[in-house]
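Residue-level structure breakdown
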Number of protein chains: 2
Amino acid sequence: MALKQLPVLRQRGECCVLPAVDVGWAEEAANLMKALADPTRLTMVAALWKAKSPICICDFTADLELSQSTISHHMARLKEAGLVDSEKDSIWTYYRLRHDLAPSTRKLLGQLIA
Amino acid sequence: MALKQLPVLRQRGECCVLPAVDVGWAEEAANLMKALADPTRLTMVAALWKAKSPICICDFTADLELSQSTISHHMARLKEAGLVDSEKDSIWTYYRLRHDLAPSTRKLLGQLIA
DNA sequence: ACAAGGCATCGACGATTGTCGATGGGTTGT
DNA sequence: ACAACCCATCGACAATCGTCGATGCCTTGT
């Protein structure tokens, strides 16, 4: 006799084909997300986004209630992620968003912040 | 005699005013970023984004090279972040992107994935 | 020469995360 | 009744993360 039809289309144990997702993209996008996955770093990025002039570490240290080393550490992470740029001027180190951000990254930040 | 003018506008030890960044926004946005800050979860979200029909855990378990418990764990995180929805159908649990995602979140995902 | 300030780096610490195997509950076919 | 399958949850473990204080290097003002 014929097998009884299941109420769903797919047989038990069979799995449908997933939409292809590029592994490289996932890796890269996850790195960007990780860089942004912290309130302090997000605040920094948003501040740099809004103030189109560079900001030094001492500015953030004064505003955010964290130690200078922590602030510096977070900024280093943003720099390592390719989001910010730094420039020394006498005793200060000024940070700004990189002017050569990938357009997609810039759009994403705009969507996130604005 | 008058103090010598520094070559920069700001006096030593003084800090400029940072653009205001909402603390609540930073918290919330960071939570969203954390949910997306993993290649596996990003792959899942992208797959759900592209395939507009629900996908069950076994689909991901078959495709991604991770244990079933890990897949389930990641999906639970996405659900906790309010990104996905689940529905049981016989032995399967189907997941899909929440249809009531905040418009800003939806735009962000679109920008990130597409 | 000296003191003071800005900053990066180091080492340490508890907290969180990603992963696994094991277990158990629920559903279906035999 | 039983076996097979899907799935969520638990406990464990190593790895990473966020934070701090201490230290040392530059730069600048006295």
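So, here's what we can say about the structure.

Analysis parameters
Residues numbered from 1 in each chain as written. Chains lettered and ligands numbered in written order. Predicted model: local features only at pLDDT ≥ 70, side-chain atom pairs only at ≥ 80, totals over all residues. Heavy atoms only, no water. Pairing = 2+ DSSP bridges. Helix = DSSP H or I, 4+ residues; strand = E, 2+ residues; numbered from the N terminus. Contact = heavy atoms within 4.5 Å. Axes fitted to C-alpha atoms, helices over the stretch in contact; angles between N-to-C directions. Salt bridge = Lys/Arg side-chain N within 4 Å of Asp/Glu carboxyl O. Buried < 20%, exposed > 50% of the residue type's maximum accessible area, 1.4 Å probe, protein only. Phe/Tyr/Trp six-rings, centres within 6.5 Å; stacked < 30°, edge-to-face > 60°. Buried area = accessible area lost by both parts, 1.4 Å probe. Polar contact = N/O pair within 3.5 Å; in protein donor to acceptor, adjacent residues only side chain to side chain. Nonpolar A, V, L, I, M, F, W, Y, C, P; charged D, E, K, R; others polar. Least-squares fit on C-alpha atoms with pLDDT ≥ 70 in both. Core = buried A, V, L, I, M, F, W, Y, C linked by side-chain atoms within 4.5 Å. Parallel < 35°, antiparallel > 145°, perpendicular 65-115°, else oblique.

**Observations regarding the pairing of strand β3 (residues 92-97) of chain B**
A regular strand carries its side chains on alternate faces of the sheet. Residues and elements named next belong to chain B. Bridge analysis of strand β1 (residues 55-56) against β3 gives two bridges, and the strand direction is antiparallel. Along β3, the bridge assignment pairs Ile 55 with Tyr 95. Bridge count for strand β2 (residues 84-89) against β3 is six bridges, and the pairing is antiparallel. Counted as the bridge partner of Lys 88 is Thr 93 from β3. What sits between the antiparallel neighbours β2 and β3 is a turn of two residues, in which Ser 90 has the positive phi angle 50°.

**Structural notes on the sheet that holds strand β2 (residues 84-89) of chain A**
Backbone-to-backbone hydrogen bonds join strands into a sheet, with any given pair of strands oriented parallel or antiparallel. Residue and element names in this part refer to chain A. Overall, antiparallel pairing links the three strands, which are arranged β1-β3-β2 in an open sheet. Taken across any chain shown, the strands that pair with only one partner, and hence form the sheet edges, are β1 (55-56) and β2. Docked against the sheet, helix α4 (residues 68-80) engages β2 and β3 (92-97), running at close to 120° with respect to β2.

**Some remarks on the pattern of salt bridges**
Proximity of charged atoms lets side chains of opposite charge pair with each other. Taken as a whole and assessed by the stated rule, the structure comprises six salt bridges over all chains. Note that Arg96(A) is salt-bridged to Asp85(A), the shortest N-O span being 3.1 Å. Linking Arg96(A) in strand β3 with Asp85(A) in strand β2, this pair joins segments that are 11 residues apart in sequence. Taking the relative accessible area as the measure of exposure, Arg96(A) reaches 30% and is therefore partly exposed. A relative accessible area of 24% means that Asp85(A) is categorised as partly exposed. Among the ionic pairs, Glu87(B) bridges to Arg96(B), the shortest N-O distance being 3.4 Å. Assessed through its relative accessible area of 43%, Glu87(B) is described here as partly exposed. Residues participating in the shared-partner salt-bridge network are Asp85(A), Glu87(A) and Arg96(A).

**With respect to the packing of aromatic side chains**
Residues and elements named next belong to chain B. Within the structure shown, the criterion is met by one aromatic pair over all chains. With 6.5 Å between their ring centres and 55° between their planes, Trp 92 and Tyr 94 make a pair best called tilted. Look at Trp 92 and you get buried, because its relative accessible area is 8%.

**Here's the deal with the interface of chain B and chain A**
Of the residues lining the interface, 45 residues belong to chain B; the matching set on chain A comes to 45 residues. Buried area between chain B and chain A, both sides added, is near 3900 Å², and the carbon and sulfur share of it is 74%. One can count zero salt bridges joining chain B with chain A. Between chain B and chain A we count five residue pairs in polar contact (both at pLDDT 80 or more) in total. The set of elements that each furnish at least two residues to the side of chain B that touches chain A consists of α1 (23-36), α2 (39-50), β1, α3 (57-63), β3 and α5 (103-113) of chain B. The element that contributes the greatest number of residues to the side of chain B that touches chain A is α1(B), accounting for eight residues. Here the residues of the side of chain B that touches chain A sort into 30 nonpolar, five polar and 10 charged.

**A word on the relation of the copies chain B and chain A**
Copy one and copy two of the chain differ by a rotation about an axis and a translation along that axis. Between chain B and chain A, which share one sequence, the superposing operator has a rotation angle of 180° and an axial displacement of 0.0 Å; the RMSD is 0.0 Å. Accordingly, the operation relating the two chain copies is best matched by a two-fold axis. By C-alpha distance to the rotation axis, the residue of chain B lying nearest is Met33(B), at 2.7 Å. Looking at the interface residues of chain B, 100% of them are also at the interface in chain A, so both copies use one shared face.

**Side note on the nonpolar core**
One recurring pattern in soluble globular proteins is that nonpolar side chains are buried together. Within the largest apolar cluster, 65 residues are counted, with the highest numbers of intra-cluster contacts made by Leu36(A), Phe60(A), Leu36(B) and Phe60(B). Broken down by element, this core gets its largest block of residues, seven residues, from α2(B).

**Overview of the packing of helix α5 (residues 103-113) of chain A against α5(B)**
Put simply, α5(A) and α5(B) touch, their axes get as near as 10 Å, and they point 175° apart. In terms of axis orientation, α5(A) runs roughly antiparallel to α5(B). Here Ser104(A), Lys107(A), Leu108(A), Gln111(A) and Leu112(A) of α5(A) lie close against α5(B), whose contacting residues are Ser104(B), Lys107(B), Leu108(B), Gln111(B) and Leu112(B). For the contact of α5(A) with α5(B), the residue count by class is four nonpolar, four polar and two charged.

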